[in-house]
Amino acid sequence: MSVKLATQVLSQSMADGIKFYRESQCAGLGGSEETEEFTRLFNNCFDALNRKFSKEGIRENSNDLIVLQNTINFINAWEQNVKNGLISKDDFLTSNTADGLRLFFGTVRQASGPNDHPSTPTFIQIYKILSVYSILKPPTTGNCELLNTDVPKINVSERSKKIKVLKDLLDTCIEKGNIEVDSVFDDHNYYKASAVDCVVYYVCGYITRKLAKRYKCEECTTYFNSSTIASANPVAALTNIKSKGWLLHPNHNLFEFIRYIEDLFTQYCKYADVFELTVNHITENNKQFLFPCSLHKTDVMSDIITYYITMRMRQYSVFQNREQNKLSSKKKKLSKLVNT
């Protein structure tokens, strides 16, 4: 079992994802309310036990103590249901899990020597020692070499130059006059919001907060002064679930513009010059959004395009590298079956 993966699965984000896709009528998630509750319960338990400073320690009547007590009561009730025959043993701790826990605690007691009931500090010390001890460590590299050297690479050394060119192109578009937002963007049915729309809406709130810190004039402040109150807009479903009262709901025109950029990035993401292709498409088609401040309009549009495309390039690169590592690992395993 990997503790790192376990904390990712039993996390607040996982519980929010289950709720979001269940409310989106995703197949296979009907009746997943109990799974969501189980995930939140153990996420709160991990958080209560994951404290680094003495001031964050568990104290009398603290919320962490209540969380731990609720977790213990849940497990005790779970076990009692097995004894009462309400659920089968297969629905409780499996034999593999139980045997693993017995083996681990047995190892801790054995490492403690004559002290077969170690105190909390002793248990933590032994746990840390066992965590770093490994009999077999798999190799992190192999004897494979890259055969295809013609793969294009993304060059970020000329970023400032590209941004300057972007601003010049935007200046040219603005001089030609504004275009009404209804004629710029395609019609979109918000009563059938997709997961992509919800994620883009969520990211728009982050970009809004970032831009609001940079542009302080009255017109810009008014434009970026977004609400933190839950919205009834279907595309705000993910933001409403993730928010704890401080996530921003962005301006509608800003969301439409970034959604348009997302469509262009999806179209050009497999090209090495994805940034240039996306920017050229926006400028050549005279795509823009209504912004009240004429003084900062070019800079704001440039920042929005740069922020979003850069972020998506990083995400796409991480995803592609992860897939490439999986493929390389599979090839290394297959190569061991071949006699050379």
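Our subject in this report is the structure included herewith. (Residues numbered from 1 in each chain as written. Predicted model: local features only at pLDDT ≥ 70, side-chain atom pairs only at ≥ 80, totals over all residues. Heavy atoms only, no water.)

1. What to know about the overall build of the protein
Across its full length, the protein holds 14 helices and 0 strands. With 340 residues in all, the protein has 30% of them scored as buried. Contacts spanning at least 24 positions in sequence make up 66% of the contacts within the protein whose residues lie at least 6 apart. Split by element, the accessible area of the protein, about 23,800 Å² in all, is 55% carbon and sulfur. (Helix = DSSP H or I, 4+ residues; strand = E, 2+ residues; numbered from the N terminus. Buried < 20%, exposed > 50% of the residue type's maximum accessible area, 1.4 Å probe, protein only. Contact = heavy atoms within 4.5 Å. Areas by Shrake-Rupley, 256 points an atom, 1.4 Å probe, with all protein chains shown as cover.)

2. Focus: the pattern of salt bridges
Considering all chains together, one arrives at 9 salt bridges under this definition. Note that lysine 242 is salt-bridged to aspartate 16, the shortest N-O span being 3.7 Å. Taken together, the positions of lysine 242 in helix H11 (residues 237-242) and aspartate 16 in helix H2 (residues 12-23) put the pair 226 residues apart, joining distant regions of the chain. A salt bridge links aspartate 263 to arginine 259; the shortest N-O distance between them is 2.5 Å. Note that aspartate 263 and arginine 259 are positioned in helix H12 (residues 252-268) at a spacing of 4 residues, about one turn of the helix. We classify aspartate 263 as partly exposed; its relative accessible area is 39%. You can call arginine 259 buried: its relative accessible area is 15%. When salt bridges that share partners are traced, they join Asp16, Arg22, Glu33, Glu36, Arg40 and Lys242 into one network. (Salt bridge = Lys/Arg side-chain N within 4 Å of Asp/Glu carboxyl O.)

3. A word on the environment of phenylalanine 74
Structurally, phenylalanine 74 is set in helix H4 (residues 63-83). Judged by its relative accessible area of 31%, phenylalanine 74 falls in the partly exposed class. Sequence-wise, phenylalanine 74 and leucine 41 are 33 residues apart; in three dimensions their C-alpha atoms are separated by 9.0 Å. Excluding residues within four positions of it along the chain, phenylalanine 74 makes contact with Phe38, Leu41 and Phe42.

Scope: geometric values only; no functional claims are made or implied.
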